[in-house]
Amino acid sequence: MHLILFLGFGAVCVAGAVNLLVQRHPINSALSLVVVMGALAGEYLLLGAEFLAAVQVIVYAGAIMVLFVFVIMLLNAGVEERTKGSRIALLFGVPGMLIGSVLVAWVLLTHSNTGEVAVGALPGPPKVIAQLLFHEFLLPFEVTSVLVLIAIMGAVVLASKPGPIPPGKKEE
Amino acid sequence: MVPLSYYLLLGGILFACGVTGFLIKRNIISIFLSIELMLNGVNLSFVAFAAQWHALSGQVFVFFVMVVAAAEATVGLAIIIAVFRTRETLNVDQVNLLKL
């Protein structure tokens with residue numbers, strides 16, 4: 001049953017990832033990435049990481065992808081056009097990915113003495129995660145808050161319109 | 001029981017798809033989406049290893065990766081907006097100067 005669920009979610013993941021590559025319009029790519037993230041949340045649930053599954057849906061599939069879709073619509077991004085450089089990239093990129101995937105699969109399947117993962121073996125309730133986060137990882141946690149603050153300020157500075165100062169407002 | 005290698009395989013496939021998208025896509029937003037796909041593939045490996053070794057720190061690491069990804073997406077999209085404002089294009093082949 002667990003294997004069937006894993007394979008189902010995994011198939012959705014891979015289908016979404018391939019669709020992301022095939023689609024020419026960025027909005028379709030973004031929506032297929034949402035599908036990938038939703039299916040990954042299912043995989044996390046299978047692994048017993050309930051907190052992460054919730055965060056994946058709320059933060060990744062919710063917040064970050066909404067940001068992407070906003071920007072795509074704001075910039076009115078159209079279908080990407082192909083140039084000579086992109087054809088060369090296609091020529092080398094697709095075989096490169098195939099070779100890389102086969103290599104990784106071969107290594108993993110021949111040296112798979114890593115045991116098995118029991119589904120739901122690792123209890124990942126928010127309480128335990130919070131214990132870790134606010135005791136052992138307190139310093140990194142606080143540093144990320146500074147990081148996010150800097151990111152917000154950077155985004156505002158970068159995306160604000162550089163233009164003449166409107167009349168009636170003096171430069172300080 | 002699902003073998004650990006299956007999870008790693010899925011993560012690897014997602015990462016490879018992300019690398020390919022990074023290489024073959026020409027729209028700057030699609031390239032950025034491919035980077036997010038790569039991050040997700042790595043996150044899956046993290047969670048699988050955390051479940052394998054019964055180490056909850058792996059899940060905390062995924063949490064931090066998500067926070068950093070959110071910050072990265074914010075700044076990256078702001079840069080994309082700035083690039084579009086000065087160049088009027090999203091095609092990376094036409095963005096070949098650092099100077100304005």
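Located above this text is the structure these notes cover.
Residues numbered from 1 in each chain as written. Chains lettered and ligands numbered in written order. Predicted model: local features only at pLDDT ≥ 70, side-chain atom pairs only at ≥ 80, totals over all residues. Heavy atoms only, no water.

**Q** Help me understand the overall build of chain B in this model?
**A** Looking only at helices and strands, chain B features 3 helices and 1 strand. Radius of gyration (C-alpha) of chain B: 17 Å, far over the 13 Å computed for a compact globule of 100 residues. Principal axes of the C-alpha set define a box for chain B whose edges measure 55 × 25 × 15 Å. Taking all 100 residues of chain B together, 60% fall into the buried category. Taking the contacts inside chain B whose residues are at least 6 apart along the sequence as the reference set, 50% of them involve residues at least 24 apart. Accessible surface computed for chain B: about 3,800 Å², of which carbon and sulfur atoms make up 73%. Seen as two clouds, the 5 positive and the 4 negative side-chain charges of chain B have centres 7 Å apart. (Helix = DSSP H or I, 4+ residues; strand = E, 2+ residues; numbered from the N terminus. Rg over C-alpha atoms; globule rule 2.2 N^0.38 Å. Buried < 20%, exposed > 50% of the residue type's maximum accessible area, 1.4 Å probe, protein only. Contact = heavy atoms within 4.5 Å. Areas by Shrake-Rupley, 256 points an atom, 1.4 Å probe, with all protein chains shown as cover. Lys, Arg positive; Asp, Glu negative; His and termini not counted. Charge placed at Lys NZ, Arg CZ, Asp CG, Glu CD.)

**Q** What exactly am I supposed to notice about the side chain of K25 of chain B here?
**A** Tracing the chain through its elements places K25 of chain B in the loop between α1 (4-24) and α2 (28-53). Residue K25 of chain B is classed as buried on the basis of its relative accessible area of 1%. At a separation of 3.1 Å, a polar atom in the side chain of K25 of chain B contacts the main-chain carbonyl oxygen of L21 of chain A. Each residue touching K25 of chain B, except ones within four places of it in the same chain, is listed here: L20, L21, Q23, S29 and E80 of chain A together with S30, I31 and S34 of chain B. (Polar contact = N/O pair within 3.5 Å; in protein donor to acceptor, adjacent residues only side chain to side chain.)

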